[in-house]
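Architecture and fold: a report
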Amino acid sequence: KNQVEQSPQSLIILEGKNCTLQCNYTVSPFSNLRWYKQDTGRGPVSLTIMTFSENTKSNGRYTATLDADTKQSSLHITASQLSDSASYICVVSRNQAGTALIFGKGTTLSVSS
Amino acid sequence: DVKVTQSSRYLVKRTGEKVFLECVQDMDHENMFWYRQDPGLGLRLIYFSYDVKMKEKGDIPEGYSVSREKKERFSLILESASTNQTSMYLCASSLVGVEAFFGQGTRLTVV
């Protein structure tokens, strides 16, 4: 069964600290993996998209890694800010067209001052 | 910047009403999608369209239909709204091989 599992389900950290969110997937075939940030009550916004051959991709303070052998990805947030409080969703695409997406249920991050 | 615009942020409808959710994108994307998002379930695909007048069922199409008469517009129709269709509805669009861009969402409540 095609699945994307994210951990932890929720996380609370202090402003300025780093954190890492995990994504494990059992999806076949695999085309690419995406991380989205979703603020409460808003639509998701893309952070990164990685194909099979990419190990690391950064977007400002966000760095995603992908290990296609172990089928794991992580999203590392450096020097967290209050505005990082959101849900982070890992998504695996089964085709290049992007019409077969498998969504994780997300990790809810709360950054407190 | 890509813009995906959903016609309403909040909507309250009565059981049995026919409901139209509209989505417009301004970047000439081939693909358009309708998802619903419920707590603990994540995003689930209702329908998608890869071209004008073309549509494909997603994971949960029951109770919904869609229309794509123009490339930039994708409509989701609830033929007879029910309380279990109370949810956040998200529209998205994409080019082939590129990440999807989402609208701001429509929070639909059916009473």
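Residues numbered from 1 in each chain as written. Chains lettered and ligands numbered in written order. Predicted model: local features only at pLDDT ≥ 70, side-chain atom pairs only at ≥ 80, totals over all residues. Heavy atoms only, no water.

1. Points about the packing of aromatic side chains
Under the definition given, this model contains 8 aromatic pairs over all chains. Ring geometry for F33(B) and Y35(B): centres 6.0 Å apart, planes at 20 degrees, overall stacked. Assigned by exposure class, F33(B) and Y35(B) land together as buried. What links up through ring pairs into an aromatic cluster is the set Y36(A), F103(A), F33(B), Y35(B), F48(B) and F102(B). When the ring centre of Y62(A) is taken as reference, the NZ or CZ atom of R61(A) above it lies at 5.7 Å. (Phe/Tyr/Trp six-rings, centres within 6.5 Å; stacked < 30°, edge-to-face > 60°. Buried < 20%, exposed > 50% of the residue type's maximum accessible area, 1.4 Å probe, protein only. Lys NZ or Arg CZ within 6 Å of the ring centre and 35° of its normal.)

2. Quick notes on the pattern of salt bridges
Evaluated as defined, the whole model comprises 8 salt bridges over all chains. Measuring nitrogen to oxygen at the nearest pair gives 2.8 Å for the salt bridge that ties D84(A) to R61(A). Of the two residues, D84(A) sits in the loop between β8 (72–77) and β9 (86–93) while R61(A) sits in the loop between β6 (56–59) and β7 (62–67), which places them 23 residues apart along the sequence. For R61(A), a relative accessible area of 25% corresponds to the partly exposed category. The shortest N-O distance in the salt bridge between D38(B) and R44(B) comes to 2.8 Å. (Salt bridge = Lys/Arg side-chain N within 4 Å of Asp/Glu carboxyl O. Helix = DSSP H or I, 4+ residues; strand = E, 2+ residues; numbered from the N terminus.)

3. So, the interface of chain A and chain B
Contact residues are listed per partner, giving 17 residues for chain A and 22 residues for chain B. Together chain A and chain B conceal approximately 1,600 Å² of surface at their shared face, both sides included; 57% is due to carbon and sulfur atoms. When the buried area of chain A at its contact with chain B is split by residue, P44(A), T99(A) and F103(A) rank highest and sum to 29% of it. Linking chain A to chain B there are 0 salt bridges. On the surface where chain A and chain B come into contact, there are 7 residue pairs in polar contact (both at pLDDT 80 or more). For the side of chain A that touches chain B, the secondary structure elements donating two or more residues are β4 (32–38), β5 (45–51) and β10 (101–103) of chain A. Considering every element that reaches the side of chain A that touches chain B, the biggest residue donor is β4(A), with 3 residues. (Contact = heavy atoms within 4.5 Å. Buried area = accessible area lost by both parts, 1.4 Å probe. Polar contact = N/O pair within 3.5 Å; in protein donor to acceptor, adjacent residues only side chain to side chain.)

4. Some words on the side chain of S94(B)
Summarising the element assignment, S94(B) is placed in strand β9 (residues 87–94). Since its relative accessible area comes to 1%, S94(B) is described here as buried. Excluding its chain neighbours within four sequence positions, the residues that come into contact with S94(B) are A97(A), H29(B), E30(B), N31(B), F33(B), E99(B) and A100(B).

5. Brief notes about the sheet that holds strand β1 (residues 3–7) of chain A
Residues and elements named next belong to chain A. One open sheet accounts for 5 strands, arranged β1-β3-β8-β7-β6; its pairing is antiparallel. Since the sheet does not close on itself, it has two edges, and those belong to β1 and β6, each with one partner. Across the sheet, the axes of successive neighbouring strands diverge by a mean angle of 15 degrees, strand direction being ignored. Across 4 bridges, the pairing between β6 and β7 is antiparallel. Paired with N59 across the strands is Y62, a residue of β7. (Pairing = 2+ DSSP bridges. Axes fitted to C-alpha atoms, helices over the stretch in contact; angles between N-to-C directions.)

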